[in-house]
Amino acid sequence: MPSWSSVKALNASFNTAYRPTALFVGGTSGCGRGTAEAFARATKGRAHILICGRNRQAAEQVIAGFPKHAESKYEFVECDATLMKNVTKSAEDVARRIASEADHGRGKAKLNYLVLSQGILTLNGFNPTSEGIDKKLALHFYGRWKFVDELLPLLENASNAGEEARVLTILGAGVGTPLDTEDLGLKKNYSVAGSAKQGCTYNDNFVAEYSSRHPNISFIHLLPGWINTPIVRGLPWYLRTLAPVFGAIGARSMSTCGEYLTWALLNPEYKIGGFWLGPNADPVDEAKLHVSDEEARKKLVEHYKNEVVVEGASP
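The text that follows walks through the structure, step by step, so that each part is easy to find. Just so you know, these numbers come straight off a predicted model, no measurement behind them. (Residues numbered from 1 in each chain as written. Predicted model: local features only at pLDDT ≥ 70, side-chain atom pairs only at ≥ 80, totals over all residues. Heavy atoms only, no water.)

### With respect to the packing of aromatic side chains
Inference 1: The final tally for this structure, using the stated rule, is 18 aromatic pairs.
Inference 2: On the basis of an interplanar angle of 65 degrees and a centroid distance of 5.3 Å, the ring pair of F39 and Y113 is categorised as edge-to-face. A residue pair is termed long-range when its members are at least 10 positions apart, and F39 in helix α2 (residues 30-43) and Y113 in strand β4 (residues 113-116) qualify at 74 residues.
Inference 3: Assessed through its relative accessible area of 0%, F39 is described here as buried.
Inference 4: Above the plane of the ring of Y210 lies R213, whose end atom (NZ or CZ) is 5.6 Å from the centre. (Phe/Tyr/Trp six-rings, centres within 6.5 Å; stacked < 30°, edge-to-face > 60°. Helix = DSSP H or I, 4+ residues; strand = E, 2+ residues; numbered from the N terminus. Buried < 20%, exposed > 50% of the residue type's maximum accessible area, 1.4 Å probe, protein only. Lys NZ or Arg CZ within 6 Å of the ring centre and 35° of its normal.)

### Digging into the sheet that holds strand β2 (residues 48-53)
Inference 1: In spatial order, the strands read β3-β2-β1-β4-β5-β6-β7; together these seven strands make up an open sheet with parallel pairing. Every other strand in the sheet has two partners, leaving β3 (73-78) and β7 (273-277) as the edge strands with one partner each. Averaged over all neighbouring strand pairs, the angle between strand axes comes to 15 degrees, with direction disregarded.
Inference 2: Of the strand pairs in this sheet, strand β1 (residues 21-25) and β2 are connected by five bridges, and their pairing is parallel. For T21, the partnering residue across the bridge sits in β2 and is H48.
Inference 3: Sheet contacts for helix α6 (residues 192-213): β5 (166-170), β6 (218-222) and β7; angle to β6, the most-contacted strand, approximately 165 degrees. (Pairing = 2+ DSSP bridges. Axes fitted to C-alpha atoms, helices over the stretch in contact; angles between N-to-C directions. Contact = heavy atoms within 4.5 Å.)

### Quick look at the packing of helix α1 (residues 4-12) against helix α9 (residues 254-266)
Two quantities define a packed helix pair, namely the angle between the helix axes and the distance between the axes.
Inference 1: One way to put it is that α1 packs onto α9 with a least axis distance of 9 Å and a crossing angle of 60 degrees. In this view, α1 runs oblique relative to α9, as classed from their interaxial angle. Handedness of the crossing formed by α1 with α9: left-handed. Residues W4, S6, V7, K8, L10 and N11 of α1 pack against T256, E259, Y260, T262, W263 and L266 of α9. (Parallel < 35°, antiparallel > 145°, perpendicular 65-115°, else oblique. Left-handed = near helix turned anticlockwise from the far one by under 90°.)

### Considering the nonpolar core
Inference 1: Within the largest apolar cluster, 55 residues are counted, with the highest numbers of intra-cluster contacts made by L23, L114, Y142, W145, F147, V148 and F219.
Inference 2: Listed by contribution, the elements that provide at least two residues to this core are β1, β2, α4 (84-104), β4, α5 (135-160), α6 and α10 (294-307).
Inference 3: Considering each element in turn, this core owes the most residues, 13 residues, to α5.
Inference 4: Sequence-distant contacts of F219, defined by excluding residues within four places in its chain, comprise W145, V148, L152, V167, V207, Y210, S211, H214, G273, G274 and F275.
Inference 5: Within the second largest apolar cluster, 35 residues are counted, among which are F39, Y74, I220 and L265. (Core = buried A, V, L, I, M, F, W, Y, C linked by side-chain atoms within 4.5 Å.)

### Details of the environment of A40
Inference 1: As for its position among the elements, A40 is in helix α2.
Inference 2: We classify A40 as buried; its relative accessible area is 0%.
Inference 3: If sequence neighbours within four positions are ignored, A40 has contacts with G45, I49, F66 and P67.

### Some words on the pairing of β2
Inference 1: Where burial is concerned, most of β2 is hidden: six out of the six residues are buried.
Inference 2: Side chains H48, L50 and C52 project from β2 onto one buried face, and the interleaved I49, I51 and G53 project onto a second face that is buried too.
Inference 3: Handedness of the crossover joining β1 and β2 through α2 is recorded here as right-handed.
Inference 4: Where β2 and β3 come together, six bridges link them in parallel fashion. From the neighbouring strand, I51 faces β3, where its bridge partner is F76.
Inference 5: With helix α3 (residues 56-64) bridging β2 and its parallel neighbour β3, the resulting β-α-β unit is right-handed. (Right-handed = clockwise from strand over helix to strand, strands pointing away.)

### Some points on the pattern of salt bridges
Inference 1: Inspection of every chain in the model, using the stated rule, returns 17 salt bridges.
Inference 2: R19 is the partner of E101 in a salt bridge, and the nearest nitrogen-oxygen pair spans 2.9 Å. A residue pair is termed long-range when its members are at least 10 positions apart, and E101 in helix α4 and R19 in the loop between α1 and β1 qualify at 82 residues.
Inference 3: In this structure, E259 engages R41 in a salt bridge whose closest nitrogen and oxygen atoms are separated by 2.7 Å. Of this pair, E259 sits in helix α9 while R41 sits in helix α2; the two residues are 218 residues apart in sequence, bridging distant segments of the chain.
Inference 4: A relative accessible area of 4% means that E259 is categorised as buried.
Inference 5: Residue R41 is classed as partly exposed on the basis of its relative accessible area of 38%.
Inference 6: A network of salt bridges, in which partner residues are shared, links K8, R41 and E259. (Salt bridge = Lys/Arg side-chain N within 4 Å of Asp/Glu carboxyl O.)

Written as structure tokens, this is what we have:
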């Protein structure tokens, strides 16, 4: 476990010859917001940061607190990430904006950091979107890796240029259950616990899959632990009223969480490859991962491909 002082020291020492570009999907609230703010502090404002979410006002409040620098570029990208067609459209928007910045420097469009934290906490049963995907899983898994797929060329450009290229998905590394290949997407036998566990396992497996396919990019799945965030707003009122009490007992603040997650995002030890990390950015015990069954993972990948196809989109 890194000490708090070492976390702060590494983040404060961050420095690159280039201005890094980072996209925070879900960066208007919770762990995503805390990480975006910590990253902005680490760069001292010398960064191109895009905040992606549904709430423009919340994004503008986050951006208003970022440090200012002559090279600062901060933007909001709107997206309801429960729908894959929206993810495709927003990713295209992100790519255009980054390309526009790159054109000024006559270089290729590059994305250095992609942080994915969009999610909900709900006790509802299977709740399909208009695309037929459960809303919770759409946020926690399908939409996240759809963003990765759409923006991989920009991550590859960064890696090929010798720059950082990292993906961080914030959910629950190592807390899942073995893949249920008979009910991928949980459309047959949905439960709240099953959705939570399988969503984590899906992310664990995709880190394994994508890090093997793209060995020069870092893919990280991180369990943030108990954090005092507004995510409880999706719970029934009688549980929401208790949340502030439990939040005050042992829960880490969004700011502290953001520093630890930024430490993982910037740490040289996690530069390339696949990583599964716990609340203090320590490696998760491999015995807790369910990523060794390659046949099961292959079925998950094929299932994912079929689910995220956007009608009318270019192949």
